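Tertiary structure, described
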Amino acid sequence: MLNKIYINADGGSRGNPGPGAIGITIRDSKNNYLIFHKEFIGKATNNAAEYRALVKSLELASKFTNKEVNLFMDSELIIRQMKGEYKVKAGNLVLFFMKAKKLEKNFEKVNYKHVRREDKFQSKADALVNEALDARELK
């Protein structure tokens, strides 16, 4: 088990709501990738897809650490909600928020940070979302 991991998570939909997907990368402290995860999630709003990515990230993180998780997302709304700066008002997001808060308890520390989509690590998570959506459209 590692002492610290770094996660970039992204979710998106085409249509909002529309076909949705999530993309996640997990790295160690030397920026070595431990996992790439992409998944088609069906019809979703952008915010629901972002929360699905967050929840899946915390589930995957427990395979690598129970210490410190540093989670980066380009959704300022989700990051601020998880940090307690914004309330979760949308009813469909409350359950995702509660599940994420429960999963946080598997770790000693979870840090949330907003990053721009152009961030080199975040852009990989974004690319995974698009790969999952593109693959689904080809079927």
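Here, the structure is the one placed above.
Residues numbered from 1 in each chain as written. Predicted model: local features only at pLDDT ≥ 70, side-chain atom pairs only at ≥ 80, totals over all residues. Heavy atoms only, no water.

Describing the overall build of the protein chain
Put simply, the test is: Where helices and strands are cited, they refer to DSSP runs of H or I of at least four residues and of E of at least two residues respectively, numbered from the N terminus. Both definitions apply: the radius of gyration is a C-alpha atom measure, and the globule rule equals 2.2 Å times residues to the power 0.38. Buried, partly exposed and exposed residues are distinguished by accessible area as a fraction of the type maximum, computed with a 1.4 Å probe on protein chains only: under 20%, between the cut-offs, and over 50%, respectively. Contact between two residues is taken to exist if any of their heavy atoms lie within 4.5 Å; hydrogens are not considered.
A tally of regular secondary structure across the protein chain gives four helices and five strands. Listed N to C, the secondary structure of the protein chain is β-β-β-α-β-α-α-β-α in terms of helices and strands. Scaling as 2.2 N^0.38, a compact globule of 139 residues should have a C-alpha radius of gyration of about 14 Å, and the protein chain matches this with 14 Å. Seen through its principal axes, the protein chain has C-alpha atoms that stretch 40 × 35 × 25 Å. By the burial criterion, 47% of the 139 residues in the protein chain qualify as buried. Across the protein chain, the fraction of contacts at a sequence separation of at least 24, relative to all contacts at a separation of at least 6, is 69%.

Things to note about the pattern of salt bridges
What counts is decided by this rule: Salt-bridge detection follows one rule: a side-chain nitrogen of Lys or Arg within 4 Å of a carboxyl oxygen of Asp or Glu.
By the definition in use, this model includes 11 salt bridges. R116 is the partner of E118 in a salt bridge, and the nearest nitrogen-oxygen pair spans 3.4 Å. Taking relative accessible area as the criterion, E118 reaches 58% and is therefore assigned exposed. The salt bridge involving D126 is made with R117; its shortest N-O contact spans 3.8 Å. Judged by its relative accessible area of 48%, R117 falls in the partly exposed class. If you follow the salt bridges from partner to partner, you end up with E76, R80, K83 and E85 in one network.

Topic: helix α3 (residues 91–104)
This is how the line gets drawn: One less than the residue count of a helix, multiplied by 1.5 Å, gives the span that helix is expected to have.
Helix length check: α3 (14 residues) gives 21 Å between terminal C-alpha atoms against 20 Å at 1.5 Å per residue, within 8%. Residues of α3 that are buried sit in contact with α1 (46–61), α2 (76–82) and β5 (109–114).

Some words on the packing of aromatic side chains
Short version of the rule: The rule is short: rings of Phe, Tyr and Trp, with Trp giving its six-membered ring, pair when the centres are within 6.5 Å, and they are stacked under 30 degrees, edge-to-face over 60, tilted in between.
Counting across every chain of the model gives three aromatic pairs. Plain terms: the ring middles of Y33 and F36 are 4.7 Å apart, the flat faces sit at 35° to each other, and that makes the pair tilted. With centroids separated by 6.4 Å and ring planes inclined at 10°, the aromatic side chains of Y51 and F96 adopt a geometry described as stacked. On the criterion of sequence distance, the pair formed by Y51 in helix α1 and F96 in helix α3 is long-range, its members being 45 residues apart. The exposure class assigned to Y51 is buried, which follows from its relative accessible area of 0%. Ring-pair connections join several aromatic residues into one group, and the members of that group are Y33, F36 and F121.

Considerations on the pairing of strand β2 (residues 18–27)
Formally: Being paired, for any two strands, means DSSP has found at least two bridges between them.
Along β2, nine of the 10 residues are buried, which leaves the element largely enclosed by surrounding structure. Where strand β1 (residues 2–13) lies against β2, eight bridges are found, and the strand directions are antiparallel. Its bridge partner being in β2, I7 is matched across the sheet by I26. Following β1, the chain reverses through four residues before pairing antiparallel with β2; G15 in that reversal takes a positive phi of roughly 125°. For β2 and strand β3 (residues 33–44), the ladder comprises 10 bridges, and the chain directions are antiparallel. Paired with P19 across the strands is K43, a residue of β3. Here β2 folds back onto β3, and the loop between the two strands holds five residues, one of which, N31, carries a positive phi near 65°.

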